[in-house]
Amino acid sequence: VSDDEINAVLDVCREANWHTFQLLSKNAPRLANFIFPPNVWVGVSSPPDYMFGRALTDDQKARYMDKALSTLVRLDVKVRWMSIEPLSWAGMPAALAKHSAALTWAVVGAASDGPRYFQPDPALLTETLRGLDRRGVPVFFKGNLRPSLSAGVVAAWREDFPE
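Looking at the sheet that holds strand 1 (residues 21–25)
- The sheet built from five strands is open, its strands ordered 1-2-5-6-9 with parallel pairing. Unpaired on one side and paired on the other, strand 1 and strand 9 (139–141) mark the two borders of the sheet. Across this sheet, the average inter-strand angle for adjacent strands is 25°, counted without regard to direction.
- Contacts from helix 4 (residues 122–134) reach strand 5 (80–84), strand 6 (105–108) and strand 9, with the element oriented near 145° to strand 9.

Following this line, the structure appears as structure tokens:
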């Protein structure tokens, strides 16, 4: 997508200033090229398990997270958030702690490839939630996370928003 197309979308966001827009990117470093209006919440995706048909190593996931969160924290936006899906990388809690000021909101869900859902490891989900809670980051659960709840992973369903 060209910069002109992205700026056209941002122009619509500016014009419709009574709405809140949630934008999500898998290319976090590119976010630094744009000026976001106050009614836009800017988010980044957590590192995927596969990219361009190949499995990512833990080191590649760590570099992805470092770039994403260090870019996000520098943006002048009201809400900086992350879609944590998939939650399949054991380094996630440490990466979030390293960039503790980067997030003001987190959305957590199961990964999917259409009809199939891949639930996060219960211990990793619990550790990630504890880390977000320690930093006061509100968490919203996507509806596809329900099987983890039925297994008693977390105490209560979360639908928290940053404001």
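Structural notes on the nonpolar core
- By size, the foremost hydrophobic cluster in this structure holds 35 residues, and its most contacted members are F36, I84 and L96.
- Where this core is concerned, the elements lending two or more residues are helix 1 (3–15), strand 2 (40–45), helix 2 (58–72), strand 5, helix 3 (92–98), strand 6, helix 4 and strand 9.
- What I84 contacts, discounting residues up to four positions off in sequence, is S46, M92, L96, A106, V107, V108, G109, T128 and L132.
- Counting residues in each nonpolar core, the second largest holds five residues, with W41, W81, W105 and V107 among its members.

Overview of the packing of aromatic side chains
- Considering all chains together, one arrives at six aromatic pairs under this definition.
- With a centroid separation of 5.3 Å and an interplanar angle of 50°, the aromatic rings of F140 and F161 are classed as tilted. With F140 in strand 9 and F161 in the segment after helix 5 (146–150), this pair connects stretches of sequence that are 21 residues apart.
- Under the relative-accessibility criterion, F140 is labelled partly exposed at 22%.
- Each residue in the set W41, W81, W105, F140 and F161 is aromatic and connected to the rest through ring pairs, giving one cluster.

Parameters and conventions
Residues numbered from 1 in each chain as written. Predicted model: local features only at pLDDT ≥ 70, side-chain atom pairs only at ≥ 80, totals over all residues. Heavy atoms only, no water. Pairing = 2+ DSSP bridges. Helix = DSSP H or I, 4+ residues; strand = E, 2+ residues; numbered from the N terminus. Axes fitted to C-alpha atoms, helices over the stretch in contact; angles between N-to-C directions. Contact = heavy atoms within 4.5 Å. Core = buried A, V, L, I, M, F, W, Y, C linked by side-chain atoms within 4.5 Å. Buried < 20%, exposed > 50% of the residue type's maximum accessible area, 1.4 Å probe, protein only. Phe/Tyr/Trp six-rings, centres within 6.5 Å; stacked < 30°, edge-to-face > 60°.

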